[in-house]
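Here are the chains, one letter per residue:
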Amino acid sequence: MKKALITGITGQDGAYLAEFLLKKGYEVHGIKRRSSSFNTDRIDHLYHDPHESGVKLQLHYGDLTDAMNLTRLIQEIQPDEIYNLGAQSHVKVSFDSPEYTANADGLGVLRILEAIRLLGLTHKTRLYQASTSELYGLVQHVPQSETTPFYPRSPYAVAKLYGYWIIVNYREAYQMYACNGILFNHESPIRGETFVTRKITRAVAKIGLGLQDCLYIGNLSAQRDWGHAKDYIVAMWLMLQQDKPEDYVIATGVTTTVREFIKMAFGELGIDIEFSGKDENERGVIIDIDQQKIEELGLNADALKFGQTIVKVDPKYFRPTEVDLLIGDPSKAKKQLGWEPGYDLQALVTDMVHSDLHLAKKDEHMKKGGFKTLNYFE
Ligand code: NDP
Ligand code: GDR
């Protein structure tokens, strides 16, 4: 039975990957951070009491900023595969916490590589590094492939640039099986609530039920190549099953603006919106409502009016330096790994909006029952 160690197992990708590897028969170990409240929501359905026999998922306390902890865990587990998904992964937050981001996202990679080397596991343990399309940053060339030059535009991307190159360096210096997956944005119903897609789909669901009035948003013109996380974790695994370690771009090859994503998300509920105005004054207004759909989905018809403004720009969400356009070329992964995405953007939007509508309906019941619900708009 193969053993895998996942850092960042409590995050979006970690949760999907853990489920995928367990189904493949792996013994899965995950590193979770100590927190004052439970932080394992995304993997609770996979968890079994460790006192039961044959438990295949084991969680360990740890942190990417703690070299001794990482080295001890790798020594104890002796993993065949390590997936380094842990990171301070929010680009905007990295401007507020640049040193911590550099430590966890940059040096964290080095700590794992050194642990593998010092423990003599160089020829046993394969390593996947969660690299990112943010490395491309300021657009040099589109579509972006494995050979496009990097120009990072945030402390997050600069930290990930270190992670990328230290993987390449250790692969060349010590013949380690270490790969960078240069993954473009991938989303899902369990995407962190403050990334733009999830922020949008949560707001759309709440606005549809009359639980929220308006979506406050940043740069509407940013363009992203959005895929589904369920597809992307398969590519991570494939990268570690090859004869030779290489780096791969994982993307859909289609790019869309934030503005268009918002229209698609409202469209899913039968609410048609139009944008007008410029820059900070741009806003989204309801221009049509499909009453039949509103009824079918159990939305709050009284809360939705023709001409109502439901999207406004708030410059506080702008970034000091922005990444304007990402569009990936996944040809190498398709050819060499046989990887293909199953979801297109419309299927992703449908999945996310309906999942958030379901969750918002729970909030609606709570509110009716007199309970307070979380209304966090970041
Ligand atoms: P999430 O933010 O959902 O998850 C990040 C995970 O890292 C969480 O489990 C978090 O723990 C953990 N973590 C944060 N800081 C530390 C630390 N210091 N030590 C140990 N663990 C830590 O990210 P995603 O699942 O979306 O992304 C996974 C990886 O892929 C990240 O490295 C991200 O940068 C990268 N990436 C993501 C893309 C995407 O579109 N999703 C695209 C390209 C790359 P906790 O739950 O306690 O916060
Ligand atoms: P990104 O994702 O920065 O690409 O990083 P995010 O969803 O945060 O932003 C995408 C684009 O949307 C614009 N935007 C907003 N973003 C947020 N979060 N909130 C807003 O209100 C808002 N309004 C507009 C942003 O300016 C940006 O242009 C994600 C993370 O998962 C990284 O870890 C990963 O490496 C990259 O994707 C690939």
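Under an unreviewed UniProt entry, the name given to the chain is GDP-mannose 4,6-dehydratase, and the source organism is Mucilaginibacter terrigena. Heading Catalytic activity (unreviewed entry) of the UniProt record for the chain holds this comment: "GDP-alpha-D-mannose = GDP-4-dehydro-alpha-D-rhamnose + H2O". Its UniProt record gives the chain the following Sequence similarities (unreviewed entry) comment, quoted word for word: "Belongs to the NAD(P)-dependent epimerase/dehydratase family. GDP-mannose 4,6-dehydratase subfamily."

**Some details on the site of ligand 2**
The immediate surroundings of ligand 2 are formed by 22 residues, with Val91, Thr132, Val196, Gly218 and Ala222 found nearest. Listed by contribution, the elements that provide at least two residues to the shell around ligand 2 are helix 3 (91-96) and helix 6 (196-208). Across the shell around ligand 2, the residue classes tally to nine nonpolar, seven polar and six charged.

**Side note on the sheet that holds strand 8 (residues 215-217)**
If you walk across this open sheet you meet the four strands as 8-15-14-13, and the pairing is mixed. Among the strands making up the open sheet, the edge pair consists of strand 8 and strand 13 (271-276). Going across the sheet, the axis of each strand differs from the next one's by a mean of 25 degrees, ignoring polarity. Judged from the three bridges that link them, strand 8 and strand 15 (residues 309-313) form a sheet pairing that is parallel. Its bridge partner being in strand 15, Leu215 is matched across the sheet by Val311. With respect to the sheet, helix 8 (residues 258-267) is in contact with strand 8, strand 13, strand 14 (283-289) and strand 15, its orientation differing from that of strand 13 by roughly 155 degrees.

**Looking at the sheet that holds strand 11 (residues 248-250)**
Sheet architecture is open: seven strands sit in the order 3-2-1-4-5-6-11, paired in parallel fashion. Because the sheet does not close on itself, it has two edges, and the strands there are strand 3 (57-61) and strand 11. Along the sheet, successive strands turn relative to each other by an average axial angle of 20 degrees, direction set aside. Strand contacts of helix 1 (residues 12-23): strand 1 (3-7), strand 2 (27-32), strand 3 and strand 4 (81-84), with the helix running at about 160 degrees to strand 2, the strand carrying the most contacts. The sheet contacts of helix 7 (residues 229-239) involve strand 4, strand 5 (126-132), strand 6 (178-183) and strand 11, and relative to strand 6 the element is tilted by about 160 degrees.

**Digging into helix 8**
Phe261, Ile262, Ala265 and Phe266 are the residues of helix 8 that are buried. Across the axial projection of helix 8, the buried residues extend over an arc of 130 degrees, all falling on one side.

**Some words on helix 2 (residues 67-77)**
Here helix 2 has its buried residues at Leu70, Leu73 and Ile74. One side of helix 2 holds all its buried residues, which, seen down the axis, span an arc of 95 degrees. Turned more than 90 degrees from where helix 2 packs its buried face, Met68 and Glu76 sit exposed. Considering only its buried residues, helix 2 is in contact with strand 1, strand 2, strand 3 and helix 4 (98-118). Two residues or fewer past helix 2, Gln78 is found with a positive phi of approximately 50 degrees.

**Overview of the packing of helix 6 against helix 8**
Where helix 6 meets helix 8, the closest approach of the two axes is 10 Å, and the angle between their N-to-C directions is 30 degrees. The handedness of the crossing between helix 6 and helix 8 comes out as right-handed. Between helix 6, through Val196, Thr197, Ile200, Thr201 and Val204, and helix 8, the contact on the second element is made entirely by Val258, Phe261, Ile262, Ala265 and Phe266. Grouping the amino acids of the contact of helix 6 with helix 8 by side-chain chemistry returns eight nonpolar, two polar and no charged.

**As for the environment of Arg72**
Its location among the elements puts Arg72 in helix 2. We classify Arg72 as partly exposed; it has 15 C-beta atoms within 10 Å. Sequence separation of Arg72 and Pro320 is 248 residues, and the distance between their C-alpha atoms is 39 Å.

**Here we look at the environment of Met264**
Mapped onto the fold, Met264 is located in helix 8. When the C-alpha positions of Met264 and Leu345 are compared, they lie 9.3 Å apart, and in sequence the two are 81 residues distant. Excluding its chain neighbours within four sequence positions, the residues that come into contact with Met264 are Gln346 and Val349.

**As for the site of ligand 1**
Around ligand 1, a shell composed of 26 residues is seen, among which Gly8, Gly11, Gly86, Ala87 and Ala130 lie nearest. Within the residue set of the shell around ligand 1, elements represented by two or more residues are helix 1 and strand 5. Top element by residues in the shell around ligand 1 is helix 1. It accounts for three residues. When grouped by side-chain class, the residues that make up the shell around ligand 1 number seven nonpolar, 16 polar and three charged.

**Quick look at the UniProt feature "domain: NAD(P)-binding" (unreviewed entry) in the chain**
UniProt feature "domain: NAD(P)-binding" (unreviewed entry): in the numbering of this structure it lies at residues 5-352. Helix and strand shares over residues 5-352 are 36% and 18% respectively, and the end C-alpha atoms of the span are 28 Å apart.

**Regarding the nonpolar core**
Ile6, Ala18 and Ile250 are the most contacted members of the largest nonpolar core, which has 64 residues in total. Setting aside residues no more than four positions away along its own chain, Ala18 makes contact with Ile6, Ile9, Val28, Gly30, Ile43, Leu46 and Leu57. Ile200, Val313, Leu348 and Val349 belong to the second-largest nonpolar core, a separate cluster that totals 30 residues.

Reading the values: rules and limits
Residues numbered from 1 in each chain as written. Chains lettered and ligands numbered in written order. Predicted model: local features only at pLDDT ≥ 70, side-chain atom pairs only at ≥ 80, totals over all residues. UniProt positions renumbered as here; feature names shortened; annotations may be inferred. Near = placed C-beta within 6 Å. Helix = DSSP H or I, 4+ residues; strand = E, 2+ residues; numbered from the N terminus. Nonpolar A, V, L, I, M, F, W, Y, C, P; charged D, E, K, R; others polar. Pairing = 2+ DSSP bridges. Axes fitted to C-alpha atoms, helices over the stretch in contact; angles between N-to-C directions. Contact = placed C-beta atoms within 7 Å. Buried ≥ 20, exposed ≤ 12 C-beta atoms within 10 Å, placed from the backbone. Arc of directions from axis to C-beta. Left-handed = near helix turned anticlockwise from the far one by under 90°. Core = buried A, V, L, I, M, F, W, Y, C linked by C-beta atoms within 7 Å.

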